[in-house]
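# A closer look at the structure
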Amino acid sequence: MIFEKRIEIILNILKKQRQVSNKILKSNLNVSESTLRRDLDYLEKRGYIKRVHGGAVLSNIEFEEKSYDKNVVSCIESKIKIAKKASKEIFDSKYIYLDGGTTINQLIDYLPKDCTVITNGIMHLEKLGKNNIKTIFLGGNIKTRTNVVVGEQSLDNLLKYNFDLCFIGANGYCNGEFTTHDPNEAIIKNTAIKRSKRSIILLDKSKFGKVYFSKICNIEDVDLITEEL
């Protein structure tokens, strides 16, 4: 069984039980003691679990993924403030990647009219059109809960482009790592960061101290804009 699948199984068991013994994990995973130890070490170092005698307990992983409809009405004043700050970092950037998300949606009103935007955010398309901004939509599998596209087609299309600047959203930030709920979204976010000359994560204060299942990147990989910075 591959590493990523083992990690998923461990976390799913802990989600249901909150605590589990090493004996049960070894049985479910069909792995050696040393392999299980490495898997649990990995999860503990990232803040997902806590090791206890003979087993592990769930740490503070967030399991609920807020829908776009819920996010759009939360912390709205903070999101506008963050978007205004972020707009000052655009300078002469011509090719800009916009991740999905409600904070990034606020940024569209401040984009230069001569830029080209590439995005996987369905929620951005209407506003980009109204602002007469040239837009390339990645396409792919529609994820209705967060109003974005993900999947193989999205990733293949993303790999065709390079960016001056990208703006990325995250669900959580803790211990130097940005995380999100869905591994498919995390892959898109991380790839956009790697293909951009400069990457900025926009994060309101409600996301601090929260850990989600899928890592996006480290704090060293990006610049961060929030209300206080």
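Named according to an unreviewed UniProt entry, the protein is Transcriptional regulator, DeoR family originating from Anaerococcus hydrogenalis ACS-025-V-Sch4.

## Remarks on the domain arrangement of the protein
Domain parsing of the protein yields domain 1 (3-58) and domain 2 (68-225). Computed from C-alpha atoms alone, the centre-to-centre distance between domain 1 and domain 2 is 32 Å. Listed as interface residues are five residues of domain 1 and, on the opposing side, six residues of domain 2. For the pair domain 1 and domain 2, the summed buried area comes to about 460 Å², and 60% of that belongs to carbon and sulfur atoms. Of all residues in domain 1, the largest losses of buried area upon contact with domain 2 belong to Leu-11, Arg-46 and Tyr-48, amounting jointly to 75% of the total for that side.

## Section: the packing of helix H1 (residues 3-17) against helix H2 (residues 22-29)
Packing of H1 against H2 brings their axes to within 11 Å, and their N-to-C directions diverge by 135 degrees. One element, H1, and the other, H2, form an angle in the oblique class. Every pair of crossing elements has a handedness; the one defined by H1 and H2 is right-handed. In this structure, H1 uses Arg-6, Ile-9, Ile-10 and Ile-13 to contact H2, whose residues at the interface are Leu-25, Asn-28 and Leu-29.

## Digging into the sheet that holds strand S1 (residues 19-21)
Spatially, the three strands line up as an open sheet ordered S1-S3-S2, and their pairing is antiparallel. Every other strand in the sheet has two partners, leaving S1 and strand S2 (49-52) as the edge strands with one partner each. On average, each strand axis in the sheet is tilted by 25 degrees relative to the strand beside it, whichever way the strands run. For S1 and strand S3 (residues 55-58), the ladder comprises three bridges, and the chain directions are antiparallel. Bridge pairing in S3 places Gln-19 opposite Val-57. Against the sheet, H1 contacts S1, S2 and S3, and its axis sits at roughly 125 degrees relative to S1. Sheet strands in contact with helix H3 (residues 33-45) are S2 and S3, and its direction is about 130 degrees off that of S2.

## Quick look at the UniProt feature "domain: HTH deoR-type" (unreviewed entry) in the protein
As annotated in UniProt, the feature "domain: HTH deoR-type" (unreviewed entry) corresponds to residues 3-58 in the numbering used here. The span residues 3-58 carries 64% helix and 20% strand; its end-to-end C-alpha distance comes to 19 Å.

## Description of the pairing of strand S6 (residues 134-137)
When strand S5 (residues 116-119) meets S6, the two strands line up parallel, connected through four bridges. Residue pairing in the sheet places Ile-118 in a bridge with Ile-136 of S6. Since S5 and S6 lie parallel, the crossover through helix H7 (residues 125-130) that links them has a hand, and here it is right-handed.

## Comments concerning the sheet that holds strand S4 (residues 95-98)
Think of a sheet as strands paired side by side through backbone hydrogen bonds, with each pair either parallel or antiparallel. Spatial strand order, S6-S5-S4-S9-S12-S14: six strands in an open sheet with parallel pairing. Lying at the two open borders of the sheet, with one neighbouring strand each, are S6 and strand S14 (223-225). Taking each pair of neighbouring strands and ignoring which way they run, the sheet shows an average axis angle of 25 degrees. As judged from the four bridges shared by S4 and S5, these two strands associate in the parallel manner. Residue pairing in the sheet places Tyr-95 in a bridge with Thr-116 of S5. Along the sheet, helix H5 (residues 76-87) contacts strand S9 (163-169), strand S12 (196-202) and S14; its crossing angle with S14, the most-contacted strand, is approximately 135 degrees.

## Here we look at the pattern of salt bridges
For the structure shown, the criterion picks out 15 salt bridges. For the salt bridge of Lys-26 with Glu-33, the shortest nitrogen-to-oxygen distance reads 3.2 Å. Through salt bridges with shared partners, a single ionic network connects Glu-89, Arg-198 and Asp-223.

About the thresholds
- Residues numbered from 1 in each chain as written.
- Predicted model: local features only at pLDDT ≥ 70, side-chain atom pairs only at ≥ 80, totals over all residues.
- Heavy atoms only, no water.
- Domains from an automatic or database assignment.
- Contact = heavy atoms within 4.5 Å.
- Buried area = accessible area lost by both parts, 1.4 Å probe.
- Axes fitted to C-alpha atoms, helices over the stretch in contact; angles between N-to-C directions.
- Helix = DSSP H or I, 4+ residues; strand = E, 2+ residues; numbered from the N terminus.
- Parallel < 35°, antiparallel > 145°, perpendicular 65-115°, else oblique.
- Left-handed = near helix turned anticlockwise from the far one by under 90°.
- Pairing = 2+ DSSP bridges.
- UniProt positions renumbered as here; feature names shortened; annotations may be inferred.
- Right-handed = clockwise from strand over helix to strand, strands pointing away.
- Salt bridge = Lys/Arg side-chain N within 4 Å of Asp/Glu carboxyl O.

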